[in-house]
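# Structural characterization, general
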Amino acid sequence: MERRLGTVERPLRVAIVGAGPSGFYAAGALLEQNAVQVSIDLFDRLPTPFGLVRDGVAPDHQKIKSVTRVYDRIASDPRVRFFGNITFGTDLTHNDVRRYYDQVIYAVGASSDRKLGIPGEDFLGSYSATAFVGWYNGHPDYADLDFDLSGENVAVVGIGNVAMDVARILAKPIEVLAKTDIADHALEKLRHSRVKRIYVLGRRGPVQAAFTNPELRELGDIEGVEVIVDPADVELDPYSLAAMEGNRDITKNVKTLRQYALRGENGLPRKIYLRFLVSPVEILGENGHITALKLRRNELRPIESGYLQASGVDVYETIDMDMVFRAVGYKGVPLPGVPHDARRGTIPNKSGRVLDPETGAPIVGEYVVGWAKRGPTGIIGTNKPDSAETVRSLLEDVPSINPVDDECATPQAAEAFIKARRPDYVSYADWRLLDQIEASRGQALGRPRVKFIRIEEMVSAIAATKHEISRNGADT
Ligand code: NAP
């Protein structure tokens, strides 16, 4: 007898690839609905869940990280399993997913970065903020990087919240960072940092800035640091004045910037210069290492859509520079077997349904959420409604999908397959052990946790603890 899809006897089997906020919110939305019985497997390339909450959110923003309690609750539901340390494309291919799951949701984020496309970008001392953020957060992909913080002048290109994070981490007193879960290697490097001047460079004006007000104000609250804004930069052109009108967020930002402009320079040891209407045009260097950054002045010009574009004028300046971080946005990378829009760095989709790039038609049973769906924008909470929209599309499609064969449609079948492919996969119970070990390593030092940085270390710490537990169990 054929068992009907979405019933207790034959739940809808859904794979979610990526266990960051958007993946968890997709799982949460699937659990919350009552129309269909579901059974969900959540995969991640890393042994650890939570994506950018663990590896992107700045270590001095622990409160934001407490959102993991919500994800913990979702993972505790018996209808959800976590498989960490599973790389899509090798440990789990597109074909495998289609063989074992009725529907799949890609929640892979945007792990790469955009380049400036200017000469000198490859000099030593020119880095992506993505790499720096990954490094100071202890993301295993960036464990082997080394940032030379022996110079005094640093530029951060871009005026979004990632630029704010990078400037803040470079500027904050080490005693403050030492109480966070920043990676130990970064803490050690920052302890000996000689950075004195941080130039945060916006190609457009204060009204067009992408940072949010709490992040902007936070810069001004760092001990021993002064934020310097040129009063001329906060005198707005008519287009910007019109754009600010009635917009509370922008008005707040401009107000904060004007307060900074009034403060002037007071001789504090570290300075953050917030500059506007300038674009780097060349990174200058000697012997392969950065020595200076050449900037061009911009004016704002409206284009047809109403967007105010930075348009270069013939005014240049060159500032001595030891490091340049580009914080000009993340970019998605292609997944093997899954459509990819190279220009936007996303998976082409309509309301979360993955589209075939050839025909433009939805690929039945394949969905996308989060940054892979809409591009690298929005805060963590933005992912909740975004994932809910995709889940609505997924549920609407249930009657028209082609269910997988019965022998593959069980949680046991998928688990057996994964175990055979990757015996050292990490379950949620394993992650909880790792979480406890990290937290207890931090406790003695008054830190929220001391992170494991390398995948091998994570996997062996879990194995050693399980071994210990089973030995103790056998002894009693
Ligand atoms: P973002 O908010 O998109 O900001 C990117 C910045 O780079 C913009 O100022 C943009 O200016 C600038 N830019 C782009 N191309 C440029 C170029 N060629 N030259 C100079 N400047 C250029 O991106 P993000 O900072 O990477 O942040 C990604 C998302 O994560 C955002 O939604 C952000 O709010 C969020 N986030 C939130 C937090 C938090 O809540 N604390 C922390 C980190 C990240 P234009 O406007 O001129 O393009």
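Structure first, text after, so check above.
Below you will find a few notes about this structure.

So, how was this worked out
Residues numbered from 1 in each chain as written. Predicted model: local features only at pLDDT ≥ 70, side-chain atom pairs only at ≥ 80, totals over all residues. Heavy atoms only, no water. Near = heavy atom within 4 Å. Polar contact = N/O pair within 3.5 Å; in protein donor to acceptor, adjacent residues only side chain to side chain. Areas by Shrake-Rupley, 256 points an atom, 1.4 Å probe, with all protein chains shown as cover. Helix = DSSP H or I, 4+ residues; strand = E, 2+ residues; numbered from the N terminus. Nonpolar A, V, L, I, M, F, W, Y, C, P; charged D, E, K, R; others polar. Pairing = 2+ DSSP bridges. Axes fitted to C-alpha atoms, helices over the stretch in contact; angles between N-to-C directions. Salt bridge = Lys/Arg side-chain N within 4 Å of Asp/Glu carboxyl O. Buried < 20%, exposed > 50% of the residue type's maximum accessible area, 1.4 Å probe, protein only. Contact = heavy atoms within 4.5 Å. Phe/Tyr/Trp six-rings, centres within 6.5 Å; stacked < 30°, edge-to-face > 60°. Parallel < 35°, antiparallel > 145°, perpendicular 65-115°, else oblique. Left-handed = near helix turned anticlockwise from the far one by under 90°.

## Quick word on the site of the ligand
Not every one of the 21 residues close to the ligand is listed here, only the nearest: V162, R203, R204, E215 and G378. At 3.1 Å, a backbone N or O of V162 approaches an oxygen atom of the ligand. Compared with its free state, where it exposes 920 Å², the ligand has 78% of that area covered by protein. A per-element tally of the shell around the ligand places helix α7 (residues 161-171) first, with three residues. Residue classes in the shell around the ligand are distributed as 11 nonpolar, six polar and four charged.

## Observations regarding the pairing of strand β11 (residues 278-286)
Across eight bridges, the pairing between β11 and strand β12 (residues 289-302) is antiparallel. Paired with P280 across the two strands is L295, which belongs to β12. Hairpin remark: β11 followed by β12, antiparallel, with two residues in the connecting loop; positive phi at N287, about 50 degrees.

## Examining the sheet that holds β11
Taken together, the three strands give an open sheet; going across it, the order is β11-β12-β13, and neighbouring strands pair in antiparallel fashion. Across the chains shown, the open sheet's two edge strands, defined by having one partner strand only, are β11 and β13 (308-320). Strand-to-strand, the axes of this sheet are offset by a mean angle of 20 degrees, without reference to chain direction. In this structure, β12 lies alongside β13, joined through 10 bridges in antiparallel fashion. Its bridge partner lying in β13, N298 is registered against G312.

## Here's the deal with the pattern of salt bridges
Between side chains of opposite charge, pairing is possible as soon as their charged atoms come close. A complete count under the given rule lists 41 salt bridges for this structure. In this structure, R81 and E415 form a salt bridge, with 3.2 Å as the shortest nitrogen-oxygen distance. Of the two residues, R81 is situated in strand β3 (residues 80-83) and E415 in helix α15 (residues 411-421); the sequence distance between them amounts to 334 residues. Look at E415 and you get partly exposed, because its relative accessible area is 26%. When salt bridges with common partners are traced through the structure, they connect R13, D41, R81, E415 and K419 into a single cluster.

## Considerations on the pairing of strand β10 (residues 270-275)
Extensive coverage of β10 is indicated by the burial of six of its six residues. Side chains R270, I272 and L274 project from β10 onto one buried face, and the interleaved K271, Y273 and R275 project onto a second face that is buried too. Note that strand β8 (residues 197-201) and β10 share five bridges and pair parallel. Looking across to β10, one finds that Y199 is bridged to Y273. Where strand β9 (residues 225-229) and β10 come together, five bridges link them in parallel fashion. Counted as the bridge partner of I228 is Y273 from β10.

## Thoughts on the environment of K294
The topology assignment puts K294 in strand β12. Not counting the four nearest positions on each side in its chain, K294 is found in contact with S279, P280, V281, E282, Y316, E317 and T318.

## Points about the environment of F132
Relative to the helices and strands, F132 resides in helix α6 (residues 129-136). Since its relative accessible area comes to 0%, F132 is described here as buried. C-alpha separation for the pair F132 and Y428, spaced 296 residues apart in sequence, amounts to 28 Å. Discounting chain neighbours no more than four positions away, the residues touching F132 are F147, V166, L170 and F325.

## Here we look at the sheet that holds strand β2 (residues 38-43)
In any sheet, the strands associate via hydrogen bonds between backbone groups, in a parallel or an antiparallel arrangement. Strand order in the open sheet made by the seven strands is β3-β2-β1-β4-β18-β17-β16, with mixed pairing throughout. Edge positions in the open sheet fall to β3 and β16 (349-350), since each of these has one partner strand only. Strand direction decides the pairing type here: β2 and β3, joined by four bridges, are parallel. Among the inter-strand pairings, F43 is bridged to a residue of β3, identified as F83.

## Focus: the packing of aromatic side chains
Any aromatic ring pair is given by two values, namely how distant the centres are and how the planes are angled relative to each other. All told, the structure shown has 21 aromatic pairs when counted by the stated rule. Residues F24 and Y71 carry aromatic rings whose centres are separated by 5.1 Å and whose planes lie at 20 degrees to one another, so their mutual orientation is stacked. Highlighted residues: F24 in helix α1 (residues 21-32) and Y71 in helix α4 (residues 68-76), separated in sequence by 47 residues. Look at F24 and you get buried, because its relative accessible area is 0%. Overall, the relative accessible area of 0% leaves Y71 in the buried class.

## Comments concerning the packing of α1 against α4
Two numbers describe how α1 lies on α4: the axes approach to 10 Å, and their chain directions differ by 50 degrees. Considered as vectors, α1 and α4 are oriented oblique to each other. Crossing of α1 against α4: the hand is left-handed. Along its contact with α1, which presents P21, F24, Y25, A27, G28 and L31, the element α4 presents Y71, I74 and A75. Among the residues forming the contact of α1 with α4, the class breakdown is eight nonpolar, one polar and no charged.

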